[in-house]
Amino acid sequence: MGALALLLAWRTRQSVYGWFALGNLLWAWRIGALNVRDPGPWSPLLHWVFELSYSLFVAAMGMFLLAMVQRESRQARLLMLGFIAVATAFSLGNAFFNLPVLRTAHLLLTLMVALSLVSYLARYSWQQRSRGGALMCLTAAIGAVVGLRDWVVFRLQHDYEAYTWTRYAILALMLVMAWRLVDDYARSLSGQRELTRNLQETVQAKQRELEQVYEARRDLD
């Protein structure tokens, strides 16, 4: 899905596909990194990148959802950049000083960003009476709820043997992307049909006009 979205972003020049591609490729890398048993001397770097990649994923998917409702503003980009900067500082501090509280704060910050996104999309869908906005809000809410559950289980209850639910949050986002592809195709097909119909009507009108001119000239002759 990430590779497909990357190709669509390249061909259509639409940022919504680019954000989705970035998020999915990051998630695919995270899944692959979990299977690395012996990274050797690269273990500290791999651990830090893995920790930071979760915040990058949330930021990319947040921008994807905002782009879906056409609210991908410059202010939203700056806020996401600020979030990434703070998340990077937390992750570097945890990497250098090994302070679990920084990891907890990092995940809490990520969760707050997700909840803020849910609140914004809920307000947008209510004000605009947008079914698409409601779908985006539902998707973001699913991610926030499972993220909250994992944060409580792992960071507060310290149950490190528990099963994480966050890994499945990507499925809801993939369904949203599939819906977007179907909607884009349907709108493109409908637009093409409308264009063809207008072109046929224009040709028929021009043909009638030429016939009238021909009849007028014949009468004049």
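Now for a quick tour of the structure.

The rules we used
Residues numbered from 1 in each chain as written. Predicted model: local features only at pLDDT ≥ 70, side-chain atom pairs only at ≥ 80, totals over all residues. Heavy atoms only, no water. Core = buried A, V, L, I, M, F, W, Y, C linked by side-chain atoms within 4.5 Å. Buried < 20%, exposed > 50% of the residue type's maximum accessible area, 1.4 Å probe, protein only. Helix = DSSP H or I, 4+ residues; strand = E, 2+ residues; numbered from the N terminus. Contact = heavy atoms within 4.5 Å. Axes fitted to C-alpha atoms, helices over the stretch in contact; angles between N-to-C directions. Parallel < 35°, antiparallel > 145°, perpendicular 65-115°, else oblique. Left-handed = near helix turned anticlockwise from the far one by under 90°. Nonpolar A, V, L, I, M, F, W, Y, C, P; charged D, E, K, R; others polar. Phe/Tyr/Trp six-rings, centres within 6.5 Å; stacked < 30°, edge-to-face > 60°. Lys NZ or Arg CZ within 6 Å of the ring centre and 35° of its normal. 1 Å grid on protein atoms, 1.4 Å probe; cavity = no way out; pocket = protein on both sides within 12 Å on 5 of 7 lines; lining within 4 Å. Points joined across faces, edges and corners; volume = space filled by probe spheres on them.

As a further point, take the nonpolar core. Counting residues in each nonpolar core, the largest one holds 41 residues, and the members touching the most others are Phe57, Met61, Phe64, Leu65, Phe83, Leu121 and Met136. Looking at this core, the elements with two or more residues in it are α1 (2-12), α2 (15-34), α3 (43-68), α4 (74-97), α5 (100-128), α6 (131-156) and α7 (169-220). Of the residues forming this core, the biggest block, 12 residues, is contributed by α3. Discounting chain neighbours no more than four positions away, the residues touching Met61 are Phe20, Gly23, Asn24, Ile170 and Leu173.

With respect to the element layout, Gly2 can be found in helix α1. A sequence separation of 199 residues divides Gly2 from Glu201, and the C-alpha atoms of the two residues are 42 Å apart. The residues contacting Gly2, other than those within four sequence positions of it, are Ala21, Asn24 and Leu25.

Glancing now at the packing of α2 against α7. Following both chains from N to C, one finds α2 and α7 inclined at 150°, their axes separated by 12 Å at the closest point. The orientation of α2 with respect to α7, classified from their angle, is roughly antiparallel. Of the two elements, α2 crosses α7, and the hand of that crossing is left-handed. In this structure, α2 contributes Val16, Tyr17, Phe20, Asn24 and Trp27 to the contact, and α7 contributes Ile170, Leu173, Met174, Met177, Arg180, Leu181 and Asp184. Its residues placed into classes, the contact of α2 with α7 shows nine nonpolar, one polar and two charged.

What follows deals with the environment of Thr202. Along the chain, the position of Thr202 falls in helix α7. Owing to a relative accessible area of 51%, Thr202 belongs among the exposed residues under this scheme. For the pair Thr202 and Leu4, spaced 198 residues apart in sequence, the C-alpha separation works out to 38 Å.

A separate point is unusual backbone geometry. Phi at Arg13 is positive, roughly 60°, even though this residue is not glycine. The residue Arg13 is located in the loop between α1 and α2 in this model. Here the phi dihedral of Arg129 falls at roughly 50°; this positive angle occurs in a residue that is not glycine.

Each pair of packed helices can be described by the angle between their axes along with the distance between the axes. Contact geometry of α3 with α5 gives a least axis separation of 11 Å together with a crossing angle of 5°. Accordingly, the angle class assigned to the pair α3 and α5 is roughly parallel. Where α3 abuts α5, its residues Glu51, Leu52, Tyr54, Ser55, Val58, Gly62, Leu65 and Leu66 lie against Arg103, His106, Leu107, Thr110, Val113, Leu117, Tyr120 and Leu121.

On to the side chain of Thr104, then. Position of Thr104 among the secondary structure elements: in helix α5. Not counting the four nearest positions on each side in its chain, Thr104 is found in contact with Trp151 and Arg155.

Inspection of the entire model under this criterion finds four aromatic pairs. Ring centres of Trp27 and Phe57 lie 4.5 Å apart, and the angle between their planes is 40°; this geometry places the pair in the tilted category. Here Trp27 is found in helix α2, whereas its partner Phe57 is found in helix α3, with 30 residues between them in sequence. Comparing Trp27 with Phe57 shows no difference in burial state: the two are buried. Taken together, the aromatic side chains of Trp27, Tyr54 and Phe57 make up a single cluster linked through ring pairs. Positioned over the ring face of Trp10 is Arg11, at 5.9 Å from the centre of the ring. The side chain of Arg30 reaches across the aromatic face of Phe50, ending 4.1 Å from its centre.

The next point concerns the layout of surface pockets. Estimates place the volume of the largest pocket at around 1,200 Å³. Lining the largest pocket are 41 residues, and of these Arg30, Tyr54, Arg103, Thr164 and Thr166 lie nearest its centre. When contributions to the lining of the largest pocket are tallied by element, the ones reaching two or more residues are α2, α3, α5, α6 and α7. Among the elements that line the lining of the largest pocket, the one with the most residues is α3, at 11 residues. Partitioned by chemical class, the residues of the lining of the largest pocket number 25 nonpolar, nine polar and seven charged. Leu66, Ala76, Leu79, Met80 and Ser116 are, among the 15 residues lining the second largest pocket, the residues nearest its centre. Those elements that provide at least two residues to the lining of the second largest pocket are α4 and α5. Of the residues contributing to the lining of the second largest pocket, the split by class is 11 nonpolar, three polar and one charged.

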